[in-house]
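# Observations on chain architecture
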Amino acid sequence: MPRLSEVIAALDALWPPERAEGWDAVGTVCGDPDAEIDRVLFAVDPVREIADEALELGAQLIVTHHPLYLRGTTTVAADTFKGKVVHTLIKHDIALHVAHTNADTADPGVSDALAGALDLRVTGPLVPDPTDPAGRRGLGRICELDHPETLADFAARAAARLPATAQGIRLAGDPAALVRTVAVSGGSGDSLFDAVRAAGVDAFLTADLRHHPASEAVQHSPLGLVDAAHWATEWPWCEQAAAQLDALSDRHGWDLRVHVSKQVTDPWTTHHSSGAPN
């Protein structure tokens, strides 16, 4: 079996930590570098349910997209929910590793996985990484559909192919407008509207769209907006990342057993359509 340090070195080659944003908190949160690893669990969120799942599976390593301590902390006391996660992991010799913005901009990255889930053809990054001479890395992706479809049909495609959440899919714009090109960005994407407009695409699929940026975007142009749950737009990366680690395991002869959590850790659990009774 490989040691944790060997597996982490392989993961860092896929998603180099130096490519993370300066405000981010990526890398190994806890774990003994000399510990042996034979089972790995991928998930979006490092929450207690995922720690419990790893314990039940017998996994020695969890790889999550979201950091546990994004803004730092002064305590890991077990009477806090994050501290309880840390205590559970250390008590049961389970390591935690995070690949966040370094996985967002990777090639392939989070938005490639999102495009793949929607069966879109990627033509390039939405915001290219200037340090990539090949022009493949960067934030978000610009995509093409095999055949034009209405914005309503494209939103229905997203609803059918992304994991189910309480939020579902929200749409802004003319439902009958034809969509040929799409920008996608896993996670919160309303900071990217300038790049989306510059790309000249017909629609933008992302998550966490706020009222004012979305309102301004649809007033500014005929751009269609498709807003999914944050967790749902990033979960496809877990399957992509697990396949990448599987390939590395085969190459190195590690015989790792790699799992993807299917637990919905999106914080929203129920949805009610609004409106006064007739």
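Scroll up a little and you will see the structure.
The numbering scheme is per chain: residues are counted from 1 as the chain's sequence reads. pLDDT decides what is reported in this predicted model: residues at 70 or higher carry local features, side-chain atom pairs at 80 or more are listed and counted, and totals for whole chains, interfaces and linings draw on all residues regardless. The side-chain quantities take in all heavy atoms of the structure and omit both hydrogens and water.

## A short note on the state of the cysteines
The term disulfide is used for any two cysteine sulfur atoms that are within 2.5 Å. Using the criterion set out here, one finds zero disulfides in the structure. Here Cys30 stays unpaired: no disulfide links it, and the sulfur of Cys238, its closest cysteine neighbor, is 18 Å away. Three exposure classes are used, based on accessible area relative to the maximum for each residue type with a 1.4 Å probe and protein chains only: buried under 20%, partly exposed in between, and exposed over 50%. Overall, Cys238 belongs to the buried group, its relative accessible area being 0%.

## Digging into the pairing of strand 6 (residues 138-150)
For two strands to count as paired, DSSP must find a minimum of two bridges between them. Every helix listed is a DSSP run of H or I at least four residues long, and every strand listed is a run of E at least two residues long, numbered separately from the N terminus. Bridge count between strand 5 (residues 121-128) and strand 6: six bridges; the pairing is antiparallel. Looking across to strand 6, one finds that Pro125 is bridged to Arg141. Sheet analysis places strand 6 next to strand 8 (residues 178-188), joined by six bridges and oriented antiparallel. Counted as the bridge partner of Ile142 is Ala183 from strand 8.

## Regarding the side chain of Glu53
Within the secondary structure, Glu53 is located in helix 2 (residues 48-57). One buried charged residue, Glu53, remains without a salt bridge, the closest side chain of opposite sign being Lys262 at 8.0 Å. Here the side chain of Glu53 touches Ser261 through a polar contact of 2.6 Å, side chain to side chain. When checking whether two residues touch, look at their non-hydrogen atoms; a contact exists if any pair is within 4.5 Å. Non-local contacts of Glu53, meaning those with residues more than four positions away in its chain, are made with Leu41, Ser261, Lys262 and Gln263. In this tally, Lys and Arg are treated as positive and Asp and Glu as negative; His is ignored, and so are the chain termini. Whenever a carboxyl oxygen of Asp or Glu lies within 4 Å of a side-chain nitrogen of Lys or Arg, that contact is scored as a salt bridge. Within 3.5 Å is the distance limit for a polar contact, defined as a pair of N or O atoms, with the added protein rule that one can donate a hydrogen and the other accept it, and that residues adjacent in sequence qualify only through two side-chain atoms.

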